[in-house]
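# Structural overview for review
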Amino acid sequence: MIKIEHLVKNYGSHCAVDDISFEVETGEIVGFLGPNGAGKSTTMNILTGYLSSTAGKASIAGIDILSNPIGAKKLIGYLPEQPPLYLDMTVEEYLNFNYELKGCKLDRAAHLEQVCETVKIKDVYRKVIRTLSKGYRQRVGIAQALIGNPKVIIFDEPTVGLDPKQIIEIRNLIRGLGKDHTVILSTHILQEVQAVCDRIIIINKGKIVANEKTENISNVVANNRRFNIKISGPQKDILALLKNMQGISYVEALAERDGDAYTYMVESEFGVDIRKKLFFTLAERGWAIIGMESLGMSLEDIFISVVDKSEESKVRTNVRNRITRRQRGKDKNALEQELGATLYEDAQRQRAESMNTVVEDDDL
Ligand code: ADP
């Protein structure tokens, strides 16, 4: 239904979207996931005909967006990050305005009624949009996207700025729409795509770094392996114990002290949940765990795990060594960015190696 081929977008000398290709099948809900600045909005804006591309092709149901934008736009309902609402209109006026703008041929009263029913805004139909809550405004934005019954619906960061209850409602609404539509949902929130999407495409620095079924990525995330643990007892002995414990791939004593307790960052081997073993081993020696905090996984962690699970710890060790060597004089943010970039480079390198292809540094 949606096909993107070798799409590139440069803003001056800055490459925001760097030769990406992907397809979305009819009836799929696909999450387009990436950190801020990854290139999600740029891709969505090209896909919906709001922006031109520097190179590459994008088509909806075989209609090329660049050569036939009007034909392609008829198939798309779009909710941009900032919904294009006219705040002084009532919901009724706004939806009628959009109905006319789109040149919709469906029976007006029945269609608008059905749209309002779907997004549950019948009770505010005669209200001025300015007076509505953020959650209701977002629903009105979705209603606008549904006018004309488009086959494809594209949501750009649909839950930003909503409260937790509104977030759940909007996610349920999107999931419901997926029954009859092809949906792309762009977001920087991993849990959002996990909750709603069939497939996840991860974009980072303008490149696609993973394109996987949600359950595959969820398995990786569920296997959460990094946590900080606060243990009361002698730091040197505890560190030695942790370093030699089977199942732990990395341990580091952090510069945090709480009475006689110290904090350690522990990372277990892939597929190992080390927490119970840790608890009993430490308890046997009379060293008490007084805190444990899961560190979660960054998008970089996830995509590298997805790219190649078996090679992961090798890569991570290489990366850590390289970062340590480069560490002098850099702040934490720069280091984190570097970690992301280096993990990405390694993922690319492994992929190329597995295909017996030579990758030049310039390609990375
Ligand atoms: P995302 O939606 O993933 O946060 P964007 O597509 O908005 O990412 O941005 C991708 C990159 O392109 C970012 O580095 C951003 O600063 C840059 N960018 C976006 N829009 C413009 C623009 N109009 N002019 C110049 N650079 C832009």
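As shown above, the structure is provided for reference.
Scope of this entry: the structure provided in the associated data block. (Residues numbered from 1 in each chain as written. Predicted model: local features only at pLDDT ≥ 70, side-chain atom pairs only at ≥ 80, totals over all residues. Heavy atoms only, no water.)

### A word on the site of the ligand
In plain terms, the rule: We call a residue near a molecule or strand whenever a single non-hydrogen atom of that residue lies within 4 Å of it. Any N or O atom pair separated by 3.5 Å or less is treated as a polar contact, with the protein-specific requirement of one donor-capable and one acceptor-capable atom, and with residues adjacent in sequence counted only for side-chain atom pairs. Using the Shrake-Rupley algorithm and a 1.4 Å probe, accessible areas are obtained, with residue cover drawn only from the displayed protein chains.
Every residue close to the ligand is listed here: Tyr11, His14, Ala16, Pro35, Asn36, Gly37, Ala38, Gly39, Lys40, Ser41 and Thr42. Interatomic distance of 3.0 Å between a backbone N/O atom of Ala38 and an oxygen atom of the ligand. Gly39 places a main-chain nitrogen or oxygen 2.9 Å from an oxygen atom of the ligand. Contact with the protein chains removes 57% of the 560 Å² of surface that the ligand exposes when unbound.

### Topic: helix α9 (residues 235-244)
Structural remark: α-helix, 3.6 residues per turn; residues separated by three or four positions point the same way. Using the following cut-off: Burial classes follow relative accessibility: with a 1.4 Å probe on protein chains only, a residue under 20% of its type's maximum area counts as buried, one over 50% as exposed, and anything between as partly exposed. The numbering of helices and of strands both runs from the N terminus, where a helix is a DSSP run of H or I of at least 4 residues and a strand a run of E of at least 2. Read the arc as the range of directions from the helix axis to the C-beta atoms. Note on contacts: a residue pair is in contact if any heavy atoms of the two residues lie within 4.5 Å.
Within the span of α9, buried status applies to Ile238, Leu239, Leu241 and Leu242. An end-on view of α9 places all buried positions within 160° of arc, on one side of the element. Residues of α9 that are exposed and angled more than 90 degrees away from the buried face: Lys236, Lys243 and Asn244. Looking at the packing, one finds that the buried side of α9 touches β11 (226-232), β12 (248-258), β13 (261-268) and α10 (275-284).

### Some details on helix α4 (residues 108-119)
Note the following rule: Each helix should span, by expectation, one fewer than its residue count multiplied by 1.5 Å.
With 12 residues, α4 ought to run about 16 Å at 1.5 Å a step, and its terminal C-alpha atoms sit 17 Å apart, in line with that. Burial in α4 covers these residues: His111, Leu112, Val115, Cys116 and Val119. On an axial view of α4, the arc spanned by its buried residues comes to 130°, and they lie on one face. Looking at the buried side of α4, the elements it contacts are α3 (91-101), α5 (134-146) and α6 (164-177). A positive phi of about 55° marks Lys120, the residue just after α4.

### Thoughts on the packing of α4 against α5
Any two packed helices are characterised by the angle at which their axes cross and by the distance between the axes. To be explicit about the condition: Axes here mean lines fitted to C-alpha atoms, for a helix over just the part in contact, with angles spanning 0 to 180 degrees between N-to-C directions. If an angle is under 35 degrees, it is roughly parallel; if it is over 145, roughly antiparallel; if it lies from 65 to 115, roughly perpendicular; otherwise it is oblique. In this scheme the crossing of two helices becomes right-handed for a clockwise turn of the near helix relative to the far one and left-handed for an anticlockwise turn of less than a right angle. Amino acids outside the nonpolar list (Ala, Val, Leu, Ile, Met, Phe, Trp, Tyr, Cys, Pro) and the charged list (Asp, Glu, Lys, Arg) are all regarded as polar, and Gly is one of them.
Running from N to C, α4 and α5 point in directions that differ by 140°, and their axes come no closer than 9 Å. Classified by the angle their axes make, α4 and α5 are oblique. Where α4 crosses over α5, the handedness of that crossing is right-handed. Between α4 and α5, the residues in contact are His111, Val115, Thr118 and Val119 and Arg139, Ile142, Ala143 and Leu146, respectively. A breakdown of the residues in the contact of α4 with α5 according to their chemical character gives 5 nonpolar, 2 polar and 1 charged.

### Notes on the sheet that holds strand β4 (residues 55-60)
This is how the line gets drawn: By definition, two strands form a pair when at least two bridges between them are found by DSSP.
Spatially, β2-β1-β4-β5 is the arrangement adopted by the 4 strands of the open sheet, whose pairing is antiparallel. In the strand order of this sheet, the two ends are held by β2 (14-24) and β5 (63-64), each with one partner. Taken together, the 8 bridges between strand β1 (residues 2-11) and β2 define a ladder with antiparallel strand orientation. Among the inter-strand pairings, Leu7 is bridged to a residue of β2, identified as Ile20. Its contacts with the sheet put helix α1 (residues 40-47) on β1, β2 and β4, and the angle it makes with β1 is roughly 120°.

### Here's the deal with the pairing of strand β6 (residues 76-79)
Side-chain alternation along β6 places Ile76 and Tyr78 on one buried face and Gly77 and Leu79 on a second face that is also buried. Here 4 bridges tie β6 to strand β7 (residues 152-156), and the two strands are oriented parallel to one another. Across the sheet, Leu79 pairs through a bridge with Phe155, a residue of β7.

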